[in-house]
Amino acid sequence: MSNKTFIPQTTPYHWEDIPVLAYKETGTHFSKITRQVLFEGGEKIGCQLRYFEVEPGGHSTLEKHDHVHNVMILRGKGEAFVGSEVRAVSAFDLVYIPSMTWHQFRANAGETLGFLCLVNCERDRPILPTAEDLAALQAHARVAGFIRV
Ligand code: MN
C-alpha cells in the first residue's frame with residue numbers, strides 16, 4: 001500500500017514500490033494474469049484502482065458479483081465477454097461491467113492485454129458458474145467458444 005503523492009512509472013506498466021501480485025490468492029479458474037493495486041482507496045475514496053495484465057493466451061476468471069467494474073484497456077488487444085456479448089477490445093477502450101453480470105477477459109489476440117479496473121473497496125466475493133450456469137452460457141455459440149473455466 002502506498003500513500004505517496006507521486007508514484008513514477010519505473011518500467012513500462014510497472015510503478016515504483018507497487019508489487020506485482022498474483023491475480024487471486026487461490027484457484028485455477030484463471031491463467032497468466034497478474035494484479036497491481038495502484039491506489040488502495042480508503043475512507044475518503046471508497047474505491048481501488050488496480051492494473052491487471054494478461055499474457056498472451058491467458059484469461060481472467062469467468063465470474064459475476066454484486067459490485068461493478070469500470071475498466072479501461074491500457075495495453076494491447078484481446079476480447080471481453082460481458083453479459084451476453086463478446087467484443088474485441090484494445091488500448092483505451094472502456095468496458096462497464098454491471099452488477100451480477102457474467103464477465104471474462106482473454107488475451108487471445110497474440111498480445112499482452114493490460115487493463116485498469118476501478119472497484120469498490122468493500123465488495124462481495126465473486127460467484128463462479130455452476131454446471132447449470134455454464135450450460136445456459138453455452139447455449140450461445142459465440143459465448144460457448146469464448147469462455148474458459
Ligand atoms: Mn469481476
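Only a predicted model underlies this, so the values are computations on that prediction, with no experimental measurement involved.

## Describing the overall build of the chain
Line of reasoning, step 1. Scanning the chain from N- to C-terminus turns up two helices and eleven strands.
Line of reasoning, step 2. Going from N to C terminus, the chain has its helices and strands arranged as β-β-β-β-β-β-β-β-β-β-β-α-α.
Line of reasoning, step 3. Relative to a compact globule of 149 residues, whose C-alpha radius of gyration would be 15 Å, the chain shows 15 Å and is just as compact.
Line of reasoning, step 4. Seen along its three principal axes, the alpha-carbon backbone of the chain occupies a region of about 50 × 35 × 25 Å.
Line of reasoning, step 5. Looking at the chain as a whole, 39% of its 149 residues qualify as buried.

## Side note on the packing of aromatic side chains
Line of reasoning, step 1. Per the stated rule, a full pass over the model turns up seven aromatic pairs.
Line of reasoning, step 2. Ring geometry for Y23 against F30: centres 5.0 Å apart, planes inclined by 70°, an arrangement best described as edge-to-face.
Line of reasoning, step 3. By relative accessible area, Y23 is classed as buried at 8%.
Line of reasoning, step 4. When the centroid spacing of 6.5 Å and the interplanar angle of 55° are considered together, the rings of F81 and F146 count as tilted. In this pair, F81 sits in strand β7 (residues 77–82) while F146 sits in helix α2 (residues 141–146), placing the two residues 65 residues apart along the sequence.

## Let's talk about the pattern of salt bridges
Line of reasoning, step 1. All chains considered together, the criterion is met by five salt bridges.
Line of reasoning, step 2. E53 is paired through a salt bridge with R75; the nearest N and O atoms lie 3.0 Å apart. Taken as a pair, E53 in strand β5 (residues 47–59) and R75 in strand β6 (residues 69–75) lie far apart in primary sequence, 22 residues in all.
Line of reasoning, step 3. On the basis of relative accessible area, E53 is assigned to the buried category, the value being 16%.
Line of reasoning, step 4. On the basis of relative accessible area, R75 is assigned to the partly exposed category, the value being 26%.
Line of reasoning, step 5. Residues R142 and E79 are paired through a salt bridge, measuring 2.6 Å at the closest nitrogen-oxygen approach. Taken together, the residues R142 in helix α2 and E79 in strand β7 connect sequence positions 63 residues apart.
Line of reasoning, step 6. Judged by relative accessible area, R142 falls into the partly exposed class, the value being 46%.

## What about the coordination of the manganese ion?
Line of reasoning, step 1. Taken together, E63 (OE), H65 (NE2), H69 (NE2) and H103 (NE2) make up the full set of protein donors to the manganese ion, lying 1.9 to 2.3 Å away.
Line of reasoning, step 2. In primary sequence terms, the donor set of the manganese ion follows E-x1-H-x3-H-x33-H. Taken together, the positions of H69 in strand β6 and H103 in strand β10 (residues 103–106) put the pair 34 residues apart, joining distant regions of the chain.
Line of reasoning, step 3. Accessibility expressed as a relative area gives 7% for H69, which makes it buried.

## Focus on the pairing of β10
Line of reasoning, step 1. Because side chains alternate across β10, one face comprises the buried residues H103 and F105, and the other comprises Q104 and R106, equally buried.
Line of reasoning, step 2. Note: β7 against β10, four bridges, orientation antiparallel. Opposite E79, over in β10, you have R106 as the bridge partner.

## What about the nonpolar core?
Line of reasoning, step 1. By size, the foremost hydrophobic cluster in this structure holds 17 residues, and its most contacted members are V71, I73, V95, F105, L113 and F115.
Line of reasoning, step 2. It is strand β11 (residues 113–120) that contributes the most residues to this core, three residues altogether.
Line of reasoning, step 3. For V71, the residues in contact, after removing those within four places along its chain, are D93, L94, V95, I97, F105, F115, L116 and C117.
Line of reasoning, step 4. Ranked by size, the runner-up nonpolar core spans nine residues in total, among them V86, L134, L137 and F146.

Cut-offs applied
- Residues numbered from 1 in each chain as written.
- Predicted model: local features only at pLDDT ≥ 70, side-chain atom pairs only at ≥ 80, totals over all residues.
- Heavy atoms only, no water.
- Helix = DSSP H or I, 4+ residues; strand = E, 2+ residues; numbered from the N terminus.
- Rg over C-alpha atoms; globule rule 2.2 N^0.38 Å.
- Buried < 20%, exposed > 50% of the residue type's maximum accessible area, 1.4 Å probe, protein only.
- Phe/Tyr/Trp six-rings, centres within 6.5 Å; stacked < 30°, edge-to-face > 60°.
- Salt bridge = Lys/Arg side-chain N within 4 Å of Asp/Glu carboxyl O.
- Donors = N, O, S within 2.8 Å, 3.2 Å for Na, K, Ca; no water.
- Pairing = 2+ DSSP bridges.
- Core = buried A, V, L, I, M, F, W, Y, C linked by side-chain atoms within 4.5 Å.
- Contact = heavy atoms within 4.5 Å.

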